[in-house]
Structure formats: C-alpha cells, structure tokens
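# Per-entry structural report
The primary structure of each chain is shown beneath.
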Amino acid sequence: MRFSLLAVALPLAAAGPIIASAPLHTRDSTPAHMLDRYIVKFRAGSAGDTIDAAALQHITGQAPYRRFQNAFFSGFAAQLTPEAVTALRLLPDVEYVEQDHESQHHGKLVSQSRRLPWGLARISQRELREPRYDYDSSAGKGVCVYMTDTGIDDSHPEFGGRAKQIKSFIKGSNVDDNGHGTHTAGTVASKTYGVAKQARLFGVKVSNAMSRFTYSDLIAAYDWITLDARNRTAECPHGFVVSSSVGGDYSRALNDAATSLVEAGFFLAVSAGNDGKDAATISPASAAKACTVGGSDSRDYPYEDSNWGPKVNIIGPAVEVYSTLPGGTYGLGTGTSMAAPHVAGLAAYLASRDKVVASGALCDTIAETASKDVIKKQFRNTVNLLAFNGNAAGDYYGTSPQ
C-alpha cells in the first residue's frame, strides 16, 4: 500500500538526509496565525494523489484542511510541525513545500446611483468618441465564466437567471457578503454593464466578508473548477473562462495552480494588483500562462496604483468602473480587480463570436487585436495594449474613414 511506504519513509527521513530535500518556500509577510500552515505539492505523475485522508492524517498529525486532486496540480494543505515539514521534504513524491498565505482582492467599491459605464464604450472603440458600447449579438452565449471572488448575488435582476452561486471555500458563508464578487461578475456578464451579456456566471467564493482569502483556498478552487466543468460541457459549448481579481505576494504553488488551470483548457484572467510595483512579485499575476491585466482610467492614462512590468499582458478599464452590487444595487469600483473582468468578459465574447472554445490562447488574440499605444505615459517595461472587442464601427484611429 502507498500508505505503508510513506509511513516507513517518514521515520527514515527524520533520521537523516537520505535524499536531497524538496524546496521549502517561506515568506516574511506570512501572518502569525498561518506560520504552521503549509501547501505540499506532489510531483507530476507521482502516486501522491492516491493517498487517502486517513493516511495523510497519520503523516501530518491531523487531517489536511485542503486536498488538491487533479492531474495538473496534486497535493494538500495542512497544519504541520517543523518535524513533519522536514520529513515531507525528504519524500520522493514531494516536489516542494510552501507556507500558506493570506491576501485580498484588488479593488475598492463605492455605492452610487445608476450610470453608463465608460469601460464598455472604451473597449469597443480604438479611440473613445461616444458613450456607447457596440458588440456582436452573440454576446458570450455558450461560454461559462467562473468567478473566484467573494461570491455572486445571483438574484440580482441584471443577471437575468444566468448567474448561480455554486461553491464556497469560506466556512459558514455561501453568499456575497462583501460586494466585490457581484461587481466583477456584473462587468463580465450583466445585461447592462457586462462585456459578454449572454455568458453564464458561476460564483466560487474564496474571499470572506473582509475581502481576505488564503492561497490554499484559491488553489482548491482552481482544482474544484477543473472537476466541475467536466459536467457542464453541454451547457458551455464554447468553453470556460475563469476570472480572478485576487492576489498577493509571490507564490510558486499559486502560480503552478494557475498555470495548470490554463493547461487544463481554461482561459484565466487575473488582476495585476494595486501595489504600484512589478507584477512579477505578485501571484497569480506572475503565473506564466495567466492573462494578467493592468489598469487604465477614462482619460487613457495608467491607473496610478496598477502593478506593471513584463508579466502584464493587456490593459483594461480600472478606475470608477460602474457595475452591480448585492441587493439589486449598483456602484463604482476602482482597481485592477475591475480591469480583469473586462478581459474575462472579452475572452467569453470572442469565443462565442468566433465559434471557438475558450482557452489560454485567447490571451494572445486579445493582445494582437488590442488598441496599440493609446495609453499616455504608460509605465516602463509594460505593454501599451488596451483591450478591444473588434467592433468594426470603432476599429479606426483618428478621423472616421469615409
């Protein structure tokens, strides 16, 4: 049995350095209450994912609080003693061990009466001339978008029955008790404020009412989404998009999970972050295959707090973005949290319009068709590419062609 092999390996590992230790990743910013919480990643193709919960509890001293069990990212998260960490690092099936971490989403909300969203108009015109959003009538139909956020108020009239809050990783809450998730979902697919007005929305709650989330919960959400989507191919013939307006300090585990999600066939839009620094230091923004979105304002200047650098793939509207809030209300949001759902919605829109299946390759398509060099005083070493939906009527710079 696999359990027997591991049970023998642990005391041997504790006795001395039999093999090279797997890397251990820690960070100075980890909160005190998470210092003994770790993510353990198994090697690809190993038998680690066959270990049952009872065996893991025997190894770690208590049951893991998260399991990751798909072909792309396999492992678990648990409270571990220093001795258990040392022993696990010596097991041949363990690729690395990383301290779990806590962070928050990348946006701020303000309630306000209804208004027209400038961001929609901006992504349908090479140069903003009119407060109008032009789009193809396919409007994201046949694409399903998972929102890893604070949840979705799926009763909001703007969603017209196309949204459903389906999963929570926050104990005791399966509703949007913050507002951030309903706002970002509205930018993706609400009937008035959404980019892809006929796409379906699935809420996967990873952040609590205070906007906090743990890396292990987001990894578990990505893991769960890969499994859930297998049962939804009939209702989502043009594929799946994931929108993640969350992030924090660099994490190999979180980046690996994000990359694995894309490799499993999903398009993943992530916010670059609002720290005013290189996105290479942020996860999952620095994940190799994520579509990382920086921010701009309505005057085509960079959003002042947006993270920047070569990891940013595309720019989207980020400042005073108007969208839905829980309880049938509406309000403004500012941050790269608001930019990412513009691009998630655009991926859904393009997949539906072009009758293809959404995938990570759409990030290249979005960059190739973006409005070029329209951002004034763009940050150094950062793309000057503003998301554009391909609307023929707005596909020109300068004077309108006659």
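Our subject in this report is the structure included herewith.

Thresholds, definitions, all that
The residue numbering used here restarts from 1 in each chain and proceeds along that chain's sequence as written. Only residues with pLDDT of 70 or above have their local features reported here, since the model is predicted, and side-chain atom pairs are shown and tallied only from 80 upward, although totals for entire chains, interfaces and linings are computed over all residues. No hydrogens and no water enter the side-chain calculation; it runs on all heavy atoms of the structure. Any two strands with at least two DSSP bridges between them are considered paired. Secondary structure counts use DSSP, requiring at least four H or I residues in a row for a helix and at least two E residues in a row for a strand, with both numbered from the N terminus. Whether two residues are in contact is decided by their heavy atoms, any of which lying within 4.5 Å being enough. What counts as an axis is a line fitted to C-alpha atoms, over the stretch in contact for a helix, and the angles between N-to-C directions run from 0 to 180 degrees. When two rings of Phe, Tyr or Trp (its six-membered ring) have centres within 6.5 Å they constitute a pair, described as stacked for plane angles under 30 degrees, edge-to-face for angles over 60, and tilted for the intermediate range. Burial classification: accessible surface area is computed with a 1.4 Å probe over protein chains only, and a residue below 20% of its type maximum counts as buried, one above 50% as exposed, and the rest as partly exposed. Look at NZ for Lys and CZ for Arg. If either is within 6 Å of the ring centre and within 35 degrees of the ring normal, a charge sits over the ring.

Attention now goes to the sheet that holds strand β5 (residues 94–99). Ordered by their spatial adjacency, 5 strands build an open sheet running β1-β5-β2-β4-β3, and the pairing between neighbours is mixed. Edge positions in the sheet fall to β1 (24–25) and β3 (66–69), since each has one partner strand and no second. Examined bridge by bridge, strand β2 (residues 37–42) and β5 share 5 bridges and lie antiparallel to one another. By the bridge assignment, I39 is partnered in β5 with E98. Packing of helix α6 (residues 215–228) onto the sheet brings it into contact with β2, β3, β4 (74–79) and β5, and relative to β3 it is tilted by some 35°. Contacts from helix α7 (residues 252–263) reach β1, β2 and β5, with the element oriented near 120° to β5.

It is worth spelling out the packing of aromatic side chains at this point. This structure, assessed with the given rule, holds 10 aromatic pairs. Ring centres 5.3 Å apart and planes at 70° place the aromatic pair Y193 and Y322 in the edge-to-face group. Residue Y193 is located in the loop between α5 (180–189) and β10 (200–205), and its partner Y322 is located in strand β18 (residues 321–325); the two are separated by 129 residues in the primary sequence. In terms of burial, Y193 and Y322 fall into one category: buried. When the centroid spacing of 5.9 Å and the interplanar angle of 20° are considered together, the rings of F213 and Y215 count as stacked. Y215 carries the same exposure label as F213, and that label is buried. Connected via pairs of aromatic rings, a cluster forms that spans Y146, F202, F240 and F266. The residue whose ring lies beneath R37 is Y65, and the NZ or CZ to ring-centre distance is 4.8 Å.

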